[in-house]
Amino acid sequence: MTNTPPVTLDDVRDAAARIKGVAHRTPVLRSRTIDALVGAEVFLKCENFQRIGAFKFRGAYNAASRLAPEQVGKGIAAYSSGNHAQAVALAARELGTTAVILMPEDTPRSKMDATAGYSAEIVTYDRYTGDRVAIGEALAADRGLALIPPYEHPHVIAGQGTAALELLEEVSDLDALVTPVGGGGLIAGSSTAAKGLSSGIRVIGVEPEGGDDTKRSLEAGRRVSIPVPRTIADGLAADIPGELTFSINRRLVDEIALVTDDQIREAMRLAFERLKIVIEPSGAAPLAALLSGRITPVPPRIGVIVSGGNIDTRRFAELSA
């Protein structure tokens, strides 16, 4: 038996070195208006400026680049509602190989088109009736492909943690770090980096009200399954936390806040009007929690991972109207 955690701060630092020069070091933005509305200093780590428009490229490239050359030559597979799909497709292209991506048939068209734009082959399924893990594993096995899951992989988790590592290197003395929570990979990597650098920092995850599987699971002390969520935050529509991510998050995450779709819409509008940036619903969830008072007490200095900005103009107009 061993008490060694599956992902460590050293793993995150190693991932940072591996993705350096391939992934972008994204900006940290401030807004006096947001500070005043929240009642704290808020530092937004803007992964909407990352390659493929989301943090997912960090973990995908970290994992893909570690595959044996013979496996890279055979190709890579993934399953994803959008951002991980694009990330693996781009990572495969960067490594000179091919990608096959399993995507829900109701994935936003902009994300599906972008994935295809990186030369990936797309296979679709019905997210409400199909088991994407089983389908994805079968697809990869049939074709002899290396499967890179969206969060249940230590190299993926370590790669995602590099966003928080960069933020904490740039902004010192944060009292809290807030991230969105889907399958749990981003917050697992982020909490590993954050707690490794500052044991007293408060790590807070944010889920949509209709997709509170991680909150329920942390409260129960075990993984809890819920019906597939229906929310505008499609990247957070997980029905059960990952086994690996939950083993990390139950140790390191302090709390989970919930937000409504309307609160997410308001956060998207405010970010566009005040910061002049476009954030997809999943990426706006942490800001929504702060603006709506869902996080109490309010920490004085708060880091926020804005996870992505992959949304087309029509959808953005519909949601922010």
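Model, not experiment: these values are computed from the prediction.

Reading the values: rules and limits
Once a new chain begins, its residue numbering starts again from 1 and follows that chain's sequence as written. The model is predicted, so local features are restricted to residues of pLDDT at least 70 and side-chain atom pairs to those at 80 or more, both for listing and for counting; the totals for chains, interfaces and linings are taken over all residues. Based on all heavy atoms of the structure, the side-chain values leave hydrogens and waters out of the count. Secondary structure is summarised from DSSP: a helix means a run of H or I of at least four residues, a strand means a run of E of at least two, and numbering begins at the N terminus for each. The globule rule used for comparison is 2.2 Å times the number of residues to the exponent 0.38, while the radius of gyration itself is calculated over C-alpha atoms. We score Asp and Glu as negative and Lys and Arg as positive, and we do not count His or the chain ends. Charged groups are reduced to one reference atom each: NZ for lysine, CZ for arginine, CG for aspartic acid, CD for glutamic acid. We define a salt bridge as a contact between a side-chain nitrogen of Lys or Arg and a carboxyl oxygen of Asp or Glu at a distance within 4 Å. The classification of residues rests on relative accessible area computed with a 1.4 Å probe and restricted to protein chains. Under 20% of the type maximum is buried, over 50% is exposed, and intermediate values are partly exposed. Fitting a line to C-alpha atoms yields each axis, with helices limited to the stretch in contact; the angle taken between N-to-C directions then spans 0 to 180 degrees. Small angles under 35 degrees read as roughly parallel and large ones over 145 as roughly antiparallel, with 65 to 115 read as roughly perpendicular and the rest as oblique. Rotating anticlockwise by less than a right angle from the far helix to the near helix defines a left-handed crossing, while the corresponding clockwise rotation defines a right-handed one. Throughout, a contact is declared for two residues whenever any of their heavy atoms are within 4.5 Å. Put simply, Ala, Val, Leu, Ile, Met, Phe, Trp, Tyr, Cys and Pro go in the nonpolar bin, Asp, Glu, Lys and Arg in the charged bin, and everything else, Gly too, in the polar bin. In short, DSSP must find at least two bridges between two strands for them to pair. One less than the number of residues in a helix, times 1.5 Å, gives the span that helix is expected to have. The arc in question is traced by the directions running from the helix axis to the C-beta atoms. Pairing of N or O atoms within 3.5 Å defines a polar contact, subject to two protein rules: one partner must be a possible hydrogen donor and the other a possible acceptor, and residues neighboring in sequence count only if both atoms are side-chain atoms. By convention, a stacked pair of Phe, Tyr or Trp rings (six-membered ring in the case of Trp) has centres within 6.5 Å and planes under 30 degrees apart, an edge-to-face pair has planes over 60 apart, and any other such pair is tilted. The rule is short: NZ of Lys or CZ of Arg within 6 Å of the ring centre and within 35 degrees of the ring normal puts a charge over the ring.

Participant: When you look at the overall build of the chain in this model, what are you seeing that I'm missing?
Facilitator: Check the secondary structure of the chain and you find 14 helices and ten strands. Here the C-alpha radius of gyration of the chain, 18 Å, is about what a compact globule of 321 residues would show, namely 20 Å. For the chain, the spread of C-alpha atoms along the three principal axes comes to 55 × 50 × 40 Å. Computed over 35 positive and 39 negative side-chain charges, the separation of the two mean positions in the chain equals 3 Å.

Participant: Looking at this structure, I do not really get the pattern of salt bridges. What am I missing?
Facilitator: Should the charged atoms of two oppositely charged side chains come close, the side chains can pair. As enumerated under the stated definition, the model contains 20 salt bridges in all. For R216, the salt bridge identified is with D212, shortest N-O distance 3.0 Å. The partly exposed category is assigned to R216, whose relative accessible area is 42%. Ionic pairing is found between R265 and D262, a salt bridge with its closest N-O pair at 2.6 Å. Taken together, the positions of R265 and D262, both in helix 12 (residues 261–275) and three residues apart, correspond to about one turn of that helix. Relative accessible area serves as the criterion here: at 54%, D262 is assigned to the exposed category. Among the charged side chains, a network of salt bridges with common partners joins K45, E47, R58 and E166.

Participant: Looking at this structure, I do not really get the packing of helix 9 (residues 185–197) against helix 11 (residues 243–252). What am I missing?
Facilitator: The description of two packed helices rests on the angle between their axes and on the distance between the axes. Viewed as axis vectors pointing N to C, helix 9 and helix 11 meet at an angle of 45°, and their least axial separation amounts to 9 Å. Classified by the interaxial angle, the pair formed by helix 9 and helix 11 is oblique. Helix 9 and helix 11 meet at a crossing whose hand is left-handed. For the pair formed by helix 9 and helix 11, the contact residues are G185, I187, A188, S191, T192 and K195 on the first element and T245, I248, N249 and L252 on the second. Classifying every residue of the contact of helix 9 with helix 11 gives four nonpolar, five polar and one charged.

Participant: Sorry, what's going on with helix 11 here?
Facilitator: It helps to recall that an α-helix has 3.6 residues per turn; residues three or four apart then point in one direction. By the burial criterion, the buried members of helix 11 are L244, T245, F246, I248, N249 and L252. For helix 11, the secondary structure elements touched by its buried residues are helix 8 (154–170), helix 9, strand 8 (202–208) and helix 10 (213–220).

Participant: How should I be thinking about the sheet that holds strand 7 (residues 176–180) in this particular structure?
Facilitator: Sheets are built from strands paired through backbone hydrogen bonds, the pairs being either parallel or antiparallel. Ordered in space as 1-2-10-7-8-9, the six strands form an open sheet in which the pairing is mixed. Two strands bound the open sheet, and with one partner strand each, they are strand 1 (28–29) and strand 9 (255–259). Judged from the five bridges that link them, strand 7 and strand 8 form a sheet pairing that is parallel. Each bridged residue has a counterpart across the sheet, and for P180 the counterpart in strand 8 is V206.

Participant: In this structure, what is going on with helix 7 (residues 132–143)? I would like to understand it.
Facilitator: For helix 7, built from twelve residues, the straight-helix expectation of 16 Å at 1.5 Å per residue is met to within 8% by its first-to-last C-alpha distance of 16 Å. Here helix 7 has its buried residues at G136, L139 and A140. Taken down its axis, helix 7 places every buried residue within 95° of arc, on the same side. More than 90 degrees from the buried face of helix 7, the exposed residues found are A141 and D142. The secondary structure elements touched by the buried residues of helix 7 are strand 3 (76–79), strand 4 (99–104), strand 5 (121–125) and strand 6 (146–147). Where helix 7 starts, the residue carrying a side-chain oxygen 3.0 Å from the main-chain nitrogen of V133 turns out to be D131.

Participant: Can you walk me through the sheet that holds strand 6 in this structure?
Facilitator: Taken together, four strands build an open sheet; the order of strands is 5-4-3-6 and the sheet is parallel. The outermost strands of the open sheet, each flanked by one partner alone, are strand 5 and strand 6. Where strand 3 lies against strand 4, four bridges are found, and the strand directions are parallel. Bridge pairing in strand 4 places A77 opposite V100.

Participant: Explain the side chain of S320 to me, please; I cannot follow it from the model alone.
Facilitator: Along the chain, S320 falls in helix 14 (residues 313–320). Side-chain polar atoms of S320 contact the backbone oxygen of F316, separated by 2.6 Å.

Participant: How do you make sense of the packing of aromatic side chains when you look at a structure like this?
Facilitator: Aromatic ring pairs: the centre-centre distance and the angle between the two ring planes describe each pair. Per the counting criterion, the structure on display carries two aromatic pairs. Seen in terms of ring centroids, F57 and Y61 are 5.8 Å apart; in terms of plane orientation they differ by 35°. Their pairing is tilted. Taken as a pair, F57 and Y61 lie in helix 3 (residues 56–64) at a separation of four residues, close to a single helical turn. Grouping residues by exposure puts F57 and Y61 together as buried. The side chain of R30 reaches across the aromatic face of F43, ending 4.2 Å from its centre. For the cation-ring pair, R230 lies above Y128, with the distance from its terminal atom to the ring centre recorded as 4.0 Å.

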